[in-house]
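Coordinate inspection notes
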2 protein chains.
Amino acid sequence: MVLIDRLQAQISAKKSPILVGLDPLFDRLPPALKPEKPSREAAALALYRFNEALLEAIADLVPAVKLQMACYELYGPAGLEAFERSVVKAKALGLFVIDDSKRGDIGSTAALYAAGHLGAAPLGRLSGPLAAQDFVTINPYLGSDGLDPFYKEALAQDKGVYVLVRTSNPSARQYQEAQIEGRALFEQIALDLQAQAQAHQGSCGYAPFGAVVGATWPAEAAKLRAMMPNVPFLVPGYGAQGGAGIDVMPCFDGAGQGALINSSRGIIFAFETEKTHDFAGAARRATLAMRQDLIDAFKQTGKLPVGWD
Amino acid sequence: MVLIDRLQAQISAKKSPILVGLDPLFDRLPPALKPEKPSREAAALALYRFNEALLEAIADLVPAVKLQMACYELYGPAGLEAFERSVVKAKALGLFVIDDSKRGDIGSTAALYAAGHLGAAPLGRLSGPLAAQDFVTINPYLGSDGLDPFYKEALAQDKGVYVLVRTSNPSARQYQEAQIEGRALFEQIALDLQAQAQAHQGSCGYAPFGAVVGATWPAEAAKLRAMMPNVPFLVPGYGAQGGAGIDVMPCFDGAGQGALINSSRGIIFAFETEKTHDFAGAARRATLAMRQDLIDAFKQTGKLPVGWD
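Residues numbered from 1 in each chain as written. Chains lettered and ligands numbered in written order. Predicted model: local features only at pLDDT ≥ 70, side-chain atom pairs only at ≥ 80, totals over all residues.

**Thoughts on the overall build of chain A**
A count of helices and strands for chain A gives 13 helices and 10 strands. The C-alpha radius of gyration computed for chain A amounts to 19 Å, which stays within 12% of the reference 19 Å derived for 309 residues, consistent with globular compactness. Expressed as lengths along the three principal axes of its C-alpha atoms, the size of chain A is roughly 60 × 50 × 40 Å. Taken over 309 residues, chain A has a buried fraction of 59%. Restricting the contact set of chain A to residue pairs at least 6 apart, pairs at least 24 apart contribute 73%. (Helix = DSSP H or I, 4+ residues; strand = E, 2+ residues; numbered from the N terminus. Rg over C-alpha atoms; globule rule 2.2 N^0.38 Å. Buried ≥ 20, exposed ≤ 12 C-beta atoms within 10 Å, placed from the backbone. Contact = placed C-beta atoms within 7 Å.)

**Points about the pairing of strand β5 (residues 160-166) of chain B**
All names here are of chain B. Among the 7 residues of β5, 7 are classified as buried, and the element is accordingly described as predominantly covered. Bridge analysis of strand β4 (residues 135-138) against β5 gives 4 bridges, and the strand direction is parallel. Bridge assignment links Thr137 to a residue of β5, and that residue is Tyr162. Traced from β4 through helix α6 (residues 144-157) to β5, the parallel crossover comes out right-handed. With 5 bridges joining them, β5 and strand β8 (residues 209-213) adopt parallel strand pairing. Bridging from a neighbouring strand, Arg166 pairs with Val213 of β8. (Pairing = 2+ DSSP bridges. Right-handed = clockwise from strand over helix to strand, strands pointing away.)

**Re the relation of the copies chain A and chain B**
Note on the identical chains: chain A maps onto chain B by a rotation of 180 degrees and an axial translation of 0.0 Å, with an RMSD of 0.0 Å. Taken together, the rotation and translation describe the operation of a two-fold axis. A shared interface surface links the copies, since 100% of the contact residues of chain A are contact residues in chain B too. (Least-squares fit on C-alpha atoms with pLDDT ≥ 70 in both.)

**Overview of helix α9 (residues 218-227) of chain A**
Residues and elements named next belong to chain A. Those residues of α9 that sit buried are Glu220, Ala221, Leu224 and Arg225. In a view along the axis of α9, the buried residues occupy a sector of 140 degrees, so they form one face of it. Opposite the buried face of α9, at more than 90 degrees from it, the exposed residues are Ala219 and Ala226. Tucked into the core, α9 has its buried residues touching β5 (160-166), α8 (185-198) and β8 (209-213). (Arc of directions from axis to C-beta.)

**With respect to the interface of chain A and chain B**
Facing the 55 residues of chain A at the interface are 55 residues of chain B. At the level of elements, α2 (40-58), α3 (69-73), α4 (76-92), α5 (107-118), α6 (144-157), α7 (172-176), β6 (179-180) and α8 of chain A are the ones that each hand at least two residues to the side of chain A that touches chain B. Here the side of chain A that touches chain B is built from residues that sort into 29 nonpolar, 18 polar and 8 charged. (Nonpolar A, V, L, I, M, F, W, Y, C, P; charged D, E, K, R; others polar.)

**Quick word on the packing of α4 of chain A against helix α4 (residues 76-92) of chain B**
Packing of α4 of chain A against α4 of chain B brings their axes to within 8 Å, and their N-to-C directions diverge by 165 degrees. As judged from the angle between their axes, α4 of chain A and α4 of chain B are roughly antiparallel. Viewed along their axes, α4 of chain A and α4 of chain B form a crossing whose handedness is right-handed. Residue-level contacts link Gly76, Pro77, Leu80, Glu81 and Glu84 of chain A of α4 of chain A to Gly76, Pro77, Leu80, Glu81 and Glu84 of chain B of α4 of chain B. Residue composition of the contact of α4 of chain A with α4 of chain B, by class: 4 nonpolar, 2 polar and 4 charged. (Axes fitted to C-alpha atoms, helices over the stretch in contact; angles between N-to-C directions. Parallel < 35°, antiparallel > 145°, perpendicular 65-115°, else oblique. Left-handed = near helix turned anticlockwise from the far one by under 90°.)

**Thoughts on helix α2 (residues 40-58) of chain B**
With 19 residues, α2 of chain B should cover 27 Å at 1.5 Å per step; its first-to-last C-alpha distance of 27 Å lies within 8% of that length. Of the surrounding secondary structure, the elements contacted by the buried residues of α2 of chain B are β1 (18-22), α3 (69-73), α4, α11 (265-268) and α13 (279-300) of chain B. (Expected span 1.5 Å × (residues − 1).)

**Focus: the sheet that holds β1 of chain B**
Residue and element names in this part refer to chain B. Judged by pairing direction, the barrel is parallel, and its 8 strands sit side by side in the order β1-β2-β3-β4-β5-β8-β9-β10 before closing back on the first. Neighbour-to-neighbour, the strand axes of the sheet open up by a mean angle of 30 degrees, direction not taken into account. With 3 bridges connecting them, strand β9 (residues 233-235) and strand β10 (residues 259-263) associate as parallel partners. Its bridge partner being in β10, Val235 is matched across the sheet by Ile261.

Any functional reading would require information beyond the geometric quantities listed.
Take a look at the structure:
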């Protein structure tokens, strides 16, 4: 079974299209995890310990996690090590892992990023440094010769990508709505992505070439879903960024498939709202609440996947 | 003196607007530097040794170097360590350092990348992990709330950024020429960048907010130079990508200032063309040849900076 079919099978088995974002912030770690003497190494290790406990608490509830690279890179080599250890831990728990690095560069450099983030073998005999993750997010501003090396590497390694199509931030429209032949730029990027996806779909009808589509633009999400029938969506903006279950429904197809809904801070920092030290338990409860919210929204829109009731 | 004035002073003192790209590729390292037993750590160390010798060979000829992050990230934590060591070495030799990471994300995440790459103090008492470099390259696709955190951090830390405006790759036009009110997207990004730069120029007339403008589009470079009088250019595409000294002249202002011309593989792999083991000497010779080419082009276009003859 290819990657996208295995991911789809996990979503169905767990009845959960939830993508938990492991975006830890040192300042907001539970006091018990904070090192006495701060250093890059100690901070990075604390991030890993936080992730480890979170992963164990939620692994049976979600198919996948997303790691925001910026949170790790901040701590240099030790941060990247914490990133890698978290990926390995997530994979050991049977989770799919999205490396949210938003990389992008011109052709030959894009190929290096693709090798680094999608697990090729840069030294011939070695596996890639970040070889365990399944997907990487990528930025389309440089056009097809910045994207093609990632598509190529993904297919070669049975990995996947999510292209930034429509981001969830307020100023997304500033440049993403520039026009190309009567279409918004993000729509053109969507069409080009669909053309790639159409040629590489798995049995589930989706390709390992996905789109990041912000939950903060529901009307556009419906249009983009129709434009990209073979492209799975990664949907940020649920929870902390303001989206609710009902808002993300347009990202799913008629059968309630084709999207992973990301929540990061709303889950991993749920212990702050709960005012508890049990951060892992709070994350589990927040994940369960999110799942219920999504299932309610599926029912309300007639999109509940077959077998989920 | 602020960063951009110090950089300008170094360009003038060395009579050289050359930015050498330290973009090492393991497969192309001189045989003497290749480790017997390849591992991520050994490969990363070899990259550092290569950079170290190159830096010592060219430090008196150029004001700045650029490190392509993809080349290092490929080797995981050890790669990032090689990156950091190379930055520290370059700074010790009095060079300015551009971290070519092309980062970009939404607001709060952009702030984390800005902290990591522009040397803020993420733990309060510690300096940032990649604290030594002077500039970072950034991707504008997410709009102003993805860019503002970098501008803010740059000003706070006396660092700088280069925004990808017009890249040097063949498919740059695919999305960068989408239209906004009769302008190409890259022109709109240029105008928005100039608006920021105008408010923060140093004594030299330029701001620490620069633009990446590919040498492969000379006609557009002239237009962009006129649109962004306070924005210094980082110009890739010289040498290996096909541009020559005469092609990059439109990137300079009338006084022959306001641009750094990047050459990477044409310099660091000059030993391959020369068929010599003396890679450092070959890099030095290639840098001298590039300087002569630029000076000839300055003379030919009447742009030779005052005092350079």
